[in-house]
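Descriptive structure summary
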Amino acid sequence: MEKESQYFVYLISCFLNNKTPAFQTVAWNEIYRLSVIHNITAVIAQEIMLIPDENKPDAEIYSNFRQQLGYTIQNYEIKQNIIFDVKKILNESSINHIFVKGAVIKDLYPVPEFRTSGDIDVIVEKENFDSVKKILCKNTGYNLISENADTLIFENGDINIEIHNNADVDSDYFENIFSLCTKKDGCTYILDDITHLLYIVCHMSKHLNYRGAGIRMLMDIDVAVRNIKNFNQDDFIALCNRAGRQKSAQVLLSLAAFWFDTPINPYFNFNNELKLLENLEKIIIEGGSFGYKINSVPVSYVKDIEYKNGKMPLLSKIKIILKMAFPGSEYLQKCYPYAKKHKWLYPVACLNRLWDGLFKKREHTKNVISQISSGSDVSKIQQELLQELNIID
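Overview of the structure. Predicted model only: the values in this text are computed from it and were never measured.

1. Notes on the environment of Asp220
For Asp220, the location among the structural elements is in helix α8 (residues 215-227). Apart from residues lying up to four places away in sequence, Asp220 is in contact with Ile105, Tyr109, Arg115 and Ile200. Reaching out from Asp220, the side chain makes a polar contact with the side chain of Tyr109 at a distance of 2.6 Å.

If you want it as structure tokens, here you go:
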């Protein structure tokens, strides 16, 4: 790991442990870049403010950090108001719902305002999915900007609200997530602390199995552990085993302890597991919040590829591009619900997919082609990591 990345992780650890950071000579523009791609600029800005003035970044970069700190706090207030409003709308309509991810995890942070997120995630029951769509569409300020078979995305100002009709994690344990919850007030349900921690682990595993997961998700694991009094690791790992995520939990908890001094007994000694550590650093640090900075190809498209001398064969590259352009009927029906309701519209969905790739998602398409043609090893590294975590076979 480069020294800037090491210092970046160290500053996060200081924040989580309420410690004053020691100064190191680093390229502050790189620290700022990492802060931005991981969406935790406010956390790093807070720690920089504790460093002696003579050791702070130059005026321009320091100003950028402070501006982002102010924006983060302002954005937090806006998001809180929208969470309150969505909760009120759903309660008044007698719609059972669960807020997950950032909307809940933020309250566990040393400074809740600093736990940023790109959207507000809400889970509702499948039978209420269409009703929620109609209800929110009728409320001023909520504009439906995207939908598929499982998710509705509404926009309110600059904030997105994602409505899911399932737990949005790859584990059968959460197949009926409402049965794992208790009612808090009205129609709002919550997970207990241990189940919530399991959800966070499963959520990070899901993202690792797609394009990647950033350091903020590992911070979520850290604060969730610290929030549980008398945390029993054995009981938790047994629960993770039931959810099919035992190895993932052991690796991620150990990494949190290694980077953040999370108060657990680690299962892996990363001073000895250098290859595993290197792969984790590549995917988590360099990829940004969701891996997008280095990875444009979901694992599902490359998991069966056989590398020759560590390189992806040309024919395999062509197959991946074609597979992403024409992903199959099941995927298209999920992305374009009209193709599920009317099977004869499948050819239209194929054209829709091509149109989106060429125009609406042109930049992403360019990144996919660039990554595949350049011979980037990130897909190979990600597969190795997922196999180590027992996320894929």
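2. Quick word on helix α6 (residues 129-138)
Buried within α6 are the following residues: Phe129, Val132 and Leu136. Across the axial projection of α6, the buried residues extend over an arc of 55 degrees, all falling on one side. Of the exposed residues in α6, those oriented more than 90 degrees away from the buried face are Asp130, Lys134 and Lys138. In the core, the buried residues of α6 are packed alongside α4 (59-92), β2 (119-124), β4 (151-156) and β5 (159-164).

3. Some thoughts on empty space enclosed by the protein
With the rule as written, the count across this model stands at three cavities of 30 Å³ or more. Considering only enclosed or pocket space, the largest cavity measures out at about 120 Å³ in volume. Lining the largest cavity are 15 residues, with Tyr76, Lys79, Lys106, Arg115 and Ser117 positioned closest to its centre. Counting only elements with at least two residues in the lining of the largest cavity, the list comes to α4, α5 (102-105) and β2. At six residues, α4 tops the list of elements feeding residues into the lining of the largest cavity.

4. Quick notes on the nonpolar core
Core analysis: the largest hydrophobic core is formed by 86 residues, its most contacted members being Ile177, Leu208, Ile215, Ile221, Phe236, Trp259 and Phe260. Of the residues forming this core, the biggest block, nine residues, is contributed by helix α10 (residues 246-260). Setting aside residues up to four positions removed in sequence, Phe260 forms contacts with Val9, Ile12, Ser13, Leu16, Asn17, Ile215, Leu218, Met219, Asp222 and Arg226. Counting 20 residues, the second-largest nonpolar core is a separate cluster that includes Ile83, Val86, Ile95 and Phe154.

5. Overview of the packing of aromatic side chains
Scanning the model with the defined rule gives 11 aromatic pairs in all. An aromatic cluster is defined as three or more aromatic residues linked by ring pairs; in this entry it consists of Tyr7, Tyr10 and Trp28.

6. So, the packing of helix α11 (residues 274-286) against helix α17 (residues 378-388)
At a closest axis distance of 10 Å, the pairing of α11 and α17 adopts a crossing angle of 125 degrees. Classed by the angle they form, the pair α11 and α17 counts as oblique. For the pair α11 and α17, the sense of crossing is left-handed. On α17, the residues that touch Lys275, Leu276, Asn279, Leu280, Lys282 and Ile283 of α11 are Val378, Ile381, Gln382, Glu384, Leu385 and Glu388. Counted by class, the contact of α11 with α17 contains six nonpolar, two polar and four charged residues.

7. Focus: the packing of helix α7 (residues 193-208) against helix α9 (residues 233-242)
Where α7 contacts α9, the axes come no closer than 10 Å and their chain directions differ by 55 degrees. It follows from the interaxial angle that α7 and α9 lie oblique. With respect to the hand of their crossing, α7 and α9 are arranged in right-handed fashion. Residue-level contacts link Ile194, Leu197, Leu198 and Val201 of α7 to Phe236, Leu239 and Cys240 of α9. A breakdown of the residues in the contact of α7 with α9 according to their chemical character gives seven nonpolar, no polar and no charged.

8. Quick notes on the environment of Val225
Considering the arrangement of structural elements, one finds Val225 in helix α8. Overall, Val225 belongs to the buried group, its relative accessible area being 2%. When the C-alpha atoms of Val225 and Leu144 are compared, they prove to be 36 Å apart, with 81 residues separating the residues in sequence. Beyond its immediate sequence surroundings of up to four residues, Val225 is in contact with Leu197, Phe231, Leu253, Thr262 and Ile264.

9. Concerning the sheet that holds strand β3 (residues 143-147)
Strand order across the open sheet formed by seven strands is β3-β4-β5-β2-β1-β7-β6, with mixed pairing between neighbours. Edge positions in the open sheet fall to β3 and β6 (181-185), since each of these has one partner strand only. If you compare each strand with its neighbour and ignore which way they point, the axes differ by 35 degrees on average. When strand β1 (residues 97-100) meets β2, the two strands line up antiparallel, connected through four bridges. Counted as the bridge partner of His97 is Val124 from β2. Relative to strand β7 (residues 188-191), α7 is tilted by about 80 degrees, and along the sheet it contacts β1, β2 and β7.

10. Quick notes on the pairing of β7
In terms of strand pairing, β1 meets β7 through two bridges, oriented parallel. Opposite Ile98, over in β7, you have Tyr189 as the bridge partner. As defined by bridge partners, β6 adjoins β7 across four bridges and the pair is classed as antiparallel. Directly across from Thr182, in β7, lies its bridge partner Ile190. Turn length for the β6-β7 hairpin, with the two strands adjacent in sequence and antiparallel, is two residues, and the turn residue Gly186 shows positive phi of about 55 degrees.

About the cut-offs
- Residues numbered from 1 in each chain as written.
- Predicted model: local features only at pLDDT ≥ 70, side-chain atom pairs only at ≥ 80, totals over all residues.
- Heavy atoms only, no water.
- Helix = DSSP H or I, 4+ residues; strand = E, 2+ residues; numbered from the N terminus.
- Contact = heavy atoms within 4.5 Å.
- Polar contact = N/O pair within 3.5 Å; in protein donor to acceptor, adjacent residues only side chain to side chain.
- Buried < 20%, exposed > 50% of the residue type's maximum accessible area, 1.4 Å probe, protein only.
- Arc of directions from axis to C-beta.
- 1 Å grid on protein atoms, 1.4 Å probe; cavity = no way out; pocket = protein on both sides within 12 Å on 5 of 7 lines; lining within 4 Å.
- Points joined across faces, edges and corners; volume = space filled by probe spheres on them.
- Core = buried A, V, L, I, M, F, W, Y, C linked by side-chain atoms within 4.5 Å.
- Phe/Tyr/Trp six-rings, centres within 6.5 Å; stacked < 30°, edge-to-face > 60°.
- Axes fitted to C-alpha atoms, helices over the stretch in contact; angles between N-to-C directions.
- Parallel < 35°, antiparallel > 145°, perpendicular 65-115°, else oblique.
- Left-handed = near helix turned anticlockwise from the far one by under 90°.
- Nonpolar A, V, L, I, M, F, W, Y, C, P; charged D, E, K, R; others polar.
- Pairing = 2+ DSSP bridges.

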